[in-house]
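Below are the chains, spelled out letter by letter.
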Amino acid sequence: IGFLSSVLFRIFALLVMRALRKKGYNHRTLYIIGAGDLGKHIAKNLHEAMWAGYLIKAFLDDDTSLHGTRIEHIPVSAVPSNWDSYLAEEPVDEIWIALPLCAEQRIKEIMVGLRHSTVNVRLVPDIFGLGLLNHSISEIAGVTTLTLRESPMRGLSLLVKNIEDRILAFFILI
């Protein structure tokens, strides 16, 4: 009975939180740095998953031609040079960096600018265009790794393939 009541309470709590978030309550606010394809992809996914509880306040981008425009109904502004004063005036809970992998120097500059801030900063790597198979993120000996491709031939799959190969080779040789 204890387990069942715990499960039922958790389901009830999740349904209540989902309903509150759909009505605009209990959201975490965020900025997305980068209004390119990756930033648009993130905005679209978060908009479709309102239950996740994220509300995007703005895109921040270095492209001056985008400043003052809207993408996915979200305003685009310049990346601030003084993060402390910007976040004091326009506070958010999180900042998601959605820049291409080749923008390493710009990401470092942004992180230096945010070093005194208490806002959560997430890096969303631009790996969607790589066409990854069996990719995952893991930690090995304290080092976070992104597995770009992992062979599906492990464990039972490898055993079945080896047996299949030997049976097929046997019939070919006969």
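Scope of this entry: the structure provided in the associated data block. Values in this document were obtained by computation on a predicted structure and should not be read as measured data.

Among the secondary structure elements, Ala98 is positioned in the loop between strand E5 (94-97) and helix H4 (104-113). With 63 residues separating them in the primary sequence, Ala98 and Ala35 have C-alpha atoms 7.8 Å apart. When neighbours within four sequence positions are excluded, Ala98 is seen to be in contact with Ile32, Ile33, Gly34, Leu38, Gly39, Ile42 and Val124.

A few words now on the packing of aromatic side chains. Here the structure, examined in full by the defined rule, presents four aromatic pairs. Ring plane angle 85 degrees and centroid distance 6.2 Å describe the contact between Trp83 and Tyr86, whose orientation is recorded as edge-to-face. Of the two residues, Trp83 and Tyr86 both sit in helix H3 (residues 83-89), three residues apart, roughly one turn of that helix. For Trp83, a relative accessible area of 3% gives the class buried. Aromatic rings pair up to connect Tyr31, Trp83 and Tyr86 into one cluster. Across the ring face of Tyr54, the terminal group of Arg28 is positioned such that the distance to the ring centre comes to 4.4 Å.

We now examine the pattern of salt bridges. Scanning the entire structure with this criterion turns up seven salt bridges. Where Glu90 meets Lys57, a salt bridge forms, and the shortest distance between an N and an O atom there is 3.9 Å. Separated by 33 residues along the polypeptide, Glu90 in the loop between H3 and E5 and Lys57 in strand E2 (residues 54-61) bring together distant segments of the chain. A salt bridge links Arg106 to Asp62, with the nearest nitrogen and oxygen atoms 2.8 Å apart. Here Asp62 lies in the loop between E2 and strand E3 (70-71) and Arg106 lies in helix H4, a separation of 44 residues in the sequence. The class for Asp62 is partly exposed, based on a relative accessible area of 44%.

Definitions and cut-offs
- Residues numbered from 1 in each chain as written.
- Predicted model: local features only at pLDDT ≥ 70, side-chain atom pairs only at ≥ 80, totals over all residues.
- Heavy atoms only, no water.
- Helix = DSSP H or I, 4+ residues; strand = E, 2+ residues; numbered from the N terminus.
- Contact = heavy atoms within 4.5 Å.
- Phe/Tyr/Trp six-rings, centres within 6.5 Å; stacked < 30°, edge-to-face > 60°.
- Buried < 20%, exposed > 50% of the residue type's maximum accessible area, 1.4 Å probe, protein only.
- Lys NZ or Arg CZ within 6 Å of the ring centre and 35° of its normal.
- Salt bridge = Lys/Arg side-chain N within 4 Å of Asp/Glu carboxyl O.

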